[in-house]
Amino acid sequence: MAVTVTEQGYPATTIADVVRHARVSKRTFYEHFADKQECFLATYVAASDTVLAAVTAATAGAGSWQHRLRAATHAYLSTLQAQPALTRTLLTEILSVGPDGLRVRREVLDRFAGTLRTLVQAGRADAPEVPELSADRALALVGGINELVLRTVEEGRAGALTELTEPVIEIVRALLAAGS
């Protein structure tokens, strides 16, 4: 699904295209997915899980709040940068799936916001001056970061996403400072 949608977009993708790239039968496809949309949404969630796992792994080690923030930001951006075509595809094509795509996108963004809240809460252990991060502020941060990534990808610079590390860190710090 990822290869096919990257090549021709979600609307033009057919199940025949997907099974050809996956080298499986249509019967096998339908054993796993009800339709093209279900397969694409599963691809979107799986790719998001990969990014979240990278962020979680990057912040698992010891270190200061600032170190963990930088590690999480870099892990997020470098994981997206490692697969620029897939990143572009997933960020843009999810919007063409309709209400179910928007629902899944919201669920994924909520998970990223929860991960950010967990990171901030853990940071408060060694830096109690860091204010708590509400669910609404975390979602606003994630949405803003997502838009920066999307703009960079749309400009054809998906291979340079790690250049957003400092701006993203500045945004997180500014929003946290405004909340205190």
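Residues take numbers from 1 onward in each chain, read along the sequence in its written order. Restriction of local features to residues with pLDDT of at least 70 applies here, the model being predicted, together with a cutoff of 80 or more for giving and counting side-chain atom pairs; totals for whole chains, interfaces and linings are based on all residues. The basis for the side-chain values is all heavy atoms of the structure; hydrogens and waters are excluded.

### Focus on helix α4 (residues 36-58)
Inference 1: Strands are runs of DSSP state E lasting at least two residues, helices are runs of H or I lasting at least four, and both sets are numbered from the N terminus onward. In this scheme, a helix's expected span is set at 1.5 Å multiplied by one less than its residue total. The end-to-end C-alpha separation of α4 is 33 Å, in line with the 33 Å expected for 23 residues at 1.5 Å each.
Inference 2: We call a residue buried when its accessible area falls under 20% of the maximum for its residue type, exposed when it is over 50%, and partly exposed in between, using a 1.4 Å probe and counting protein chains only. K36, C39, F40, L41, T43, Y44, A47, S48, V51, L52 and V55 are the residues of α4 that are buried.
Inference 3: Where α4 begins, one side-chain oxygen reaches toward the backbone nitrogen of Q37, 3.3 Å away; that side chain belongs to D35. For this analysis, a polar contact is any N or O atom pair within 3.5 Å, provided that within protein one partner can donate a hydrogen and the other can accept it, and provided that sequence-adjacent residues contribute only side-chain to side-chain pairs.

### Thoughts on the packing of helix α7 (residues 99-126) against helix α8 (residues 135-154)
Inference 1: The convention used is that axes are lines fitted to C-alpha atoms, helices contributing only their stretch in contact, and that angles between N-to-C directions extend from 0 to 180 degrees. With their axes 8 Å apart at the nearest point, α7 and α8 run at an angle of 115° to one another. Relative to α8, the element α7 lies roughly perpendicular. Note on packing geometry: the crossing formed by α7 with α8 is right-handed. When α7 is examined against α8, the residues R105, R106, L109, D110, F112, A113, L116 and R117 are found in contact with a partner set consisting of A135, A138, L139, L141, V142, N146 and E147.
Inference 2: When residues are sorted by character, Ala, Val, Leu, Ile, Met, Phe, Trp, Tyr, Cys and Pro go into the nonpolar class, Asp, Glu, Lys and Arg into the charged class, and all the rest, Gly among them, into the polar class. In terms of residue class, the contact of α7 with α8 is built from 9 nonpolar, 1 polar and 5 charged. Our angle categories are set so that under 35 degrees counts as roughly parallel, over 145 as roughly antiparallel, 65 to 115 as roughly perpendicular, and the remainder as oblique. Each helix crossing is assigned a hand: it is left-handed if the near helix lies turned anticlockwise from the far helix by less than a right angle, otherwise right-handed if that turn is clockwise. In what follows, residue pairs with any heavy atoms lying within 4.5 Å of each other are defined as contacts.

### Focus: the pattern of salt bridges
Inference 1: Salt bridge, as used here, is a side-chain nitrogen of Lys or Arg placed within 4 Å of a carboxyl oxygen of Asp or Glu. This structure, assessed with the given rule, holds 10 salt bridges.
Inference 2: Salt-bridge contacts for E107 lead to R103; the nearest nitrogen and oxygen are separated by 3.1 Å. In this pair, E107 and R103 are both assigned in helix α7, 4 residues apart and thus about one turn of the helix distant.
Inference 3: Overall, the relative accessible area of 39% leaves E107 in the partly exposed class.
Inference 4: A residue is classified by how much of its surface remains accessible, and R103, at 41% relative accessible area, is partly exposed.
Inference 5: For R124, the salt bridge is made with E132, and the minimal N-O distance between the two is 3.8 Å.
Inference 6: According to the relative accessible area criterion, E132 is exposed, its value standing at 56%.
Inference 7: When salt bridges that share partners are traced, they join R151, E155, R157 and E163 into one network.

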